[in-house]
Amino acid sequence: MERQKIKSILKNGDTLVGQTLYVCGWIRTIRDQKSFSFIELNDGSSLANIQIIVDANMESYDSLLPLLTTGASIGVTGEVVTSPGSKQKIEIKSAKIELFGECPNDFPLQKKRHSFEFLRTIAHLRSRTNTGGAVARIRSRLAYTTHRFFQERDFIYLQSPIITASDCEGAGELFQVTTLNLNNPPRTDTKEIDYSQDFFGKAAYLTVSGQLNGEAYATAFSDIYTFGPTFRAENSHTSRHLAEFWMIEPELAFADLNTIATLAEDYLKEVIGDLLTHCIEDMQFFNQFIDTGIIERLTHVHSTPFKRLTYTEAVSILEKSGRTFQYPVKWGSDLQSEHERYIAEEHCKSPVILTDYPKEIKAFYMRENQDGKTVAAMDILVPKIGELVGGSQREDRLDVLTNKMVKNGLDPSLYQWYLDLRKYGSVPHAGFGVGFERLVQFVTGMENIRDVNAFPRSPGNCEF
Ligand code: 4AD
Ligand code: MG
């Protein structure tokens, strides 16, 4: 008999009563009473389990029962019946149970609450918990809606390279990729490591962003996006930083800062709206157990225009706030996460698009504004997380960009291909990056970024 997923069985509910079905999954709990046992079975397709009733008169019941433990995997053939209990509409009366894999009682996910810290140490099993399952389903749906959003708008999907020789953000937070013998690397006459003998004939790294390649594609296809893994060797031990995270990076030709600010707002609203309709069961779980009120707050975000402020206005709000921050606020300094959170959480109480940052604190590729002091940059700050999106209009003037690179200590000869995009048919263009894990945090209310990536990589941690 063809296997049915629990999600679809529960969705079809009453209409299945009387039918015999085959369902597989892992036992979440089992209660045995004198003449029956009740199994809560989950196959990951939904948060809800299906209840299986096992009659003590079932063939081989006595030999099977001791093996039907929490965590064991089984297949059940049985009839759908109306449930007398109030918790569920239907349940399955098993006629036959097939045991795929036993689960000894040292299985760490016994029926009790576990801390997220503990669950991180068993990342290979934590997807079998309610929270792990709900996060994974939301994350998967967000990825799907992301592609749909951009595809419906005729954006071309670029799979940008993971290995690169350029430092997109110019921040030097690169993981190096090499096949040189680290114990005895080849040296040049001046005793420096001789990368001409390395695999790529030069030093290579894991990419921090697909943007530079995205710009090449945007200057051919107008509108493009990337969606893939990016890597940062920054030694940040925070609840919002990973060493490996996913980023969505649209890049648009014939566009300015305003175009992308609006696109980013539309994108965030679309994915939120989609979750509130298509993943409402999982969202209700987050609302009840993780972050009370999140559904209401997301509904508000979905229906309200984002606030827009310039960096300069934000600094003046912070100065007038009467707050003592750990890091002082001063025009020209980068905003710290405490500042970003104050602006989003307490001042705006909603997502806010901050624009026009001082040029000194932003990346070399951002377009300089007429004032000579600021660049056409934007960050979207959201309550509880701070920066969710970072983007800008790009410097499309060849001479200005070349000078800026030199000033920033980058060697223009290494970025020749990137400069070519300004030499041959340069266009005003702009784009942004959305941190995918931060987006998952924002929509679920999960506190720690390590709990929204299945197998997180962070300083000192590369298990699993
Ligand atoms: O602001 P960032 O560094 O911008 C860029 O990389 C640009 N190239 C994007 C572009 O314009 N195409 O990173 C973009 C977003 C941040 O706003 C944040 O959400 C996320 O990526 N991010 C991280 N997420 C998790 N862990 C980290 N270490 C992150 N660093 C940035
Ligand atoms: Mg940024």
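Residues numbered from 1 in each chain as written. Chains lettered and ligands numbered in written order. Predicted model: local features only at pLDDT ≥ 70, side-chain atom pairs only at ≥ 80, totals over all residues. Heavy atoms only, no water.

Taken together, 25 residues surround ligand 1, and among them Glu169, Gln211, Arg232, Glu249 and Glu387 come closest. Here Glu249 contributes a side-chain N or O atom positioned 2.7 Å from a nitrogen atom of ligand 1. If you list the elements that add at least two residues to the shell around ligand 1, you get strand S12 (244–253), strand S16 (386–393) and strand S17 (429–435). For the shell around ligand 1, the element with the most residues is S16, which contributes five residues. Along the lines of polarity and charge, the residues of the shell around ligand 1 split into nine nonpolar, eight polar and eight charged. (Near = heavy atom within 4 Å. Polar contact = N/O pair within 3.5 Å; in protein donor to acceptor, adjacent residues only side chain to side chain. Helix = DSSP H or I, 4+ residues; strand = E, 2+ residues; numbered from the N terminus. Nonpolar A, V, L, I, M, F, W, Y, C, P; charged D, E, K, R; others polar.)

Attention shifts here to the packing of helix H4 (residues 130–152) against helix H7 (residues 280–290). Following both chains from N to C, one finds H4 and H7 inclined at 135°, their axes separated by 10 Å at the closest point. Taken together, H4 and H7 sit at an angle that is classed as oblique. The crossing of H4 and H7 is left-handed. Of H7, the residues touching H4 (which contributes Asn130, Thr131, Ala134, Val135, Arg137 and Ile138) are Asp282, Met283, Phe285, Phe286 and Ile290. A per-class count over the contact of H4 with H7 returns seven nonpolar, two polar and two charged. (Axes fitted to C-alpha atoms, helices over the stretch in contact; angles between N-to-C directions. Parallel < 35°, antiparallel > 145°, perpendicular 65-115°, else oblique. Left-handed = near helix turned anticlockwise from the far one by under 90°. Contact = heavy atoms within 4.5 Å.)

Let us now look at the sheet that holds strand S8 (residues 163–164). Adjacent strands of a sheet pair through backbone hydrogen bonds, lying either parallel or antiparallel. Taken in spatial order, the three strands line up as S8-S10-S9 in an open sheet, and their pairing is antiparallel. Sheet topology places S8 and strand S9 (176–177) at the edges, where each strand pairs with a single neighbour. (Pairing = 2+ DSSP bridges.)

Positionally, Met378 belongs in strand S15 (residues 374–382). You can call Met378 buried: its relative accessible area is 0%. (Buried < 20%, exposed > 50% of the residue type's maximum accessible area, 1.4 Å probe, protein only.)

Moving on to helix H12 (residues 416–423). Spacing of three or four residues puts side chains on the same side of an α-helix, whose turn is 3.6 residues. Of the positions making up H12, those classed as buried are Tyr418, Leu419, Leu421 and Arg422. For H12, the buried positions fall inside an angular range of 140° around the axis, keeping them on one side. Gly425 sits one or two residues past H12 and shows a positive phi near 65°. (Arc of directions from axis to C-beta.)

Turning our eyes to something else, we now look at the pattern of salt bridges. Within the structure shown, the criterion is met by 23 salt bridges. With a shortest N-O distance of 3.0 Å, Arg139 and Glu437 are connected by a salt bridge. One end of the pair, Arg139, is in helix H4; the other, Glu437, is in helix H13 (residues 436–444), with 298 residues separating them in the sequence. The two residues Arg139 and Glu437 agree in class, both being buried. (Salt bridge = Lys/Arg side-chain N within 4 Å of Asp/Glu carboxyl O.)

Looking at the element boundaries, Lys362 is found in the loop between strand S14 (352–358) and S15. A distance of 3.3 Å separates polar atoms of two side chains, one belonging to Lys362 and the other to Asp379. Setting aside its immediate chain neighbours within four residues, Lys362 contacts Tyr357, Val375, Ala377 and Asp379.

Of the residues making up helix H8 (residues 294–303), those classed as buried are Ile294, Ile295, Leu298 and Val301. Buried residues of H8, viewed axially, fall in a sector of 120°; they line one side. When the buried face of H8 is taken as reference, the exposed residues oriented beyond 90 degrees from it are Glu296 and Ser303.

One open sheet accounts for eight strands, arranged S7-S11-S12-S17-S16-S15-S14-S13; its pairing is mixed. Two strands in the sheet have a free side with no partner beyond their single neighbour: strand S7 (156–158) and strand S13 (307–310). Averaged over all pairs of adjacent strands, the angle between strand axes in this sheet comes to 20°, irrespective of strand direction. Of the strand pairs in this sheet, S13 and S14 are connected by four bridges, and their pairing is parallel. Following the sheet pairing, Arg308 is matched in S14 by Ile353.

Keep in mind these values describe shape, not function.
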